[in-house]
Amino acid sequence: MIDRLHQHIVSELQQGTRTDTIFVIIAVLLNLLMLAISSGIAQESEQSGTTTAVLGLFMALTAVVNLVAVCGLLKGKETRARLLAGLLKLYADQQVDGYYDPVLLRNYDARYSLFILAIVSMGAVAIAVPLLLR
């Protein structure tokens, strides 16, 4: 039963890693795409109400996708912490906890914070640059 529990926790951690990777990749690609599109719209010589509305919609989309990505990463961070806490308890119960350095938990937290900072920074640039070009 212990082996099944261990495999289940490890499987959940792997699934969370894949999901978090998707959030990061989608956010980065979308921010780059929105930066290019919004910058192009902002530089158009003919500024009409339509182009302003389209630019606003792209900026809103950028903000929403970044918010979703950050929320997803925060949930992933929380889930990973809970799963690893359970795994550490399992290791302690089996008296093999000395093989897992708890410092790794802080490293995971730092990595999530860096991913979130990168996404928020790119999102802010994807919104700010077209506004400055306008």
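In the block above lies the structure referred to throughout.
Residues numbered from 1 in each chain as written. Predicted model: local features only at pLDDT ≥ 70, side-chain atom pairs only at ≥ 80, totals over all residues. Heavy atoms only, no water.

Chemist: I would appreciate a short explanation of the packing of aromatic side chains in the present structure.
Modeler: Aromatic ring pairs: the centre-centre distance and the angle between the two ring planes describe each pair. With the rule as written, the count across this model stands at one aromatic pair. Ring centres of Tyr-91 and Tyr-100 lie 6.3 Å apart, and the angle between their planes is 50 degrees; on these two criteria the pair is classed as tilted. Looking at Tyr-91, the relative accessible area reads 18%, which means it is buried. (Phe/Tyr/Trp six-rings, centres within 6.5 Å; stacked < 30°, edge-to-face > 60°. Buried < 20%, exposed > 50% of the residue type's maximum accessible area, 1.4 Å probe, protein only.)

Chemist: Sorry if this is basic, but what is going on with the packing of helix H1 (residues 2-42) against helix H3 (residues 103-133) here?
Modeler: Pairs of packed helices are described in terms of their axes, by the angle between the two and the distance that separates them. Axis separation between H1 and H3 bottoms out at 8 Å; the angle between their running directions is 10 degrees. With respect to each other, H1 and H3 are oriented roughly parallel. Taking contact as the criterion, the partners of Asp-20, Val-24, Ala-27, Val-28, Asn-31, Leu-32, Leu-35, Ser-38, Ser-39 and Ala-42 in H1 are, on H3, Tyr-112, Phe-115, Ile-119, Met-122, Gly-123, Val-125, Ala-126, Val-129, Pro-130 and Leu-133. Here the contact of H1 with H3 is built from residues that sort into 15 nonpolar, four polar and one charged. (Axes fitted to C-alpha atoms, helices over the stretch in contact; angles between N-to-C directions. Helix = DSSP H or I, 4+ residues; strand = E, 2+ residues; numbered from the N terminus. Parallel < 35°, antiparallel > 145°, perpendicular 65-115°, else oblique. Contact = heavy atoms within 4.5 Å. Nonpolar A, V, L, I, M, F, W, Y, C, P; charged D, E, K, R; others polar.)

Chemist: How should the nonpolar core be read in this particular structure?
Modeler: When a protein is soluble and globular, its nonpolar side chains tend to lie buried together. Judged by nonpolar contacts, Ile-9, Leu-13, Leu-83, Leu-84, Leu-87, Leu-88, Leu-90, Tyr-91 and Tyr-100 together constitute the single largest core of nine residues. Taken together, the elements giving at least two residues each to this core come down to H1 and helix H2 (49-93). Sort the elements by how many residues they give to this core and H2 lands first, with six residues. In this view, Leu-87 contacts His-6, Ile-9 and Leu-13; residues no more than four positions away in its chain are not counted. If you look at the next biggest cluster of nonpolar residues, it comprises eight residues, including Val-24, Ala-27, Tyr-112 and Ile-119. (Core = buried A, V, L, I, M, F, W, Y, C linked by side-chain atoms within 4.5 Å.)

Don't take any of this as a statement about function, it's just geometry.
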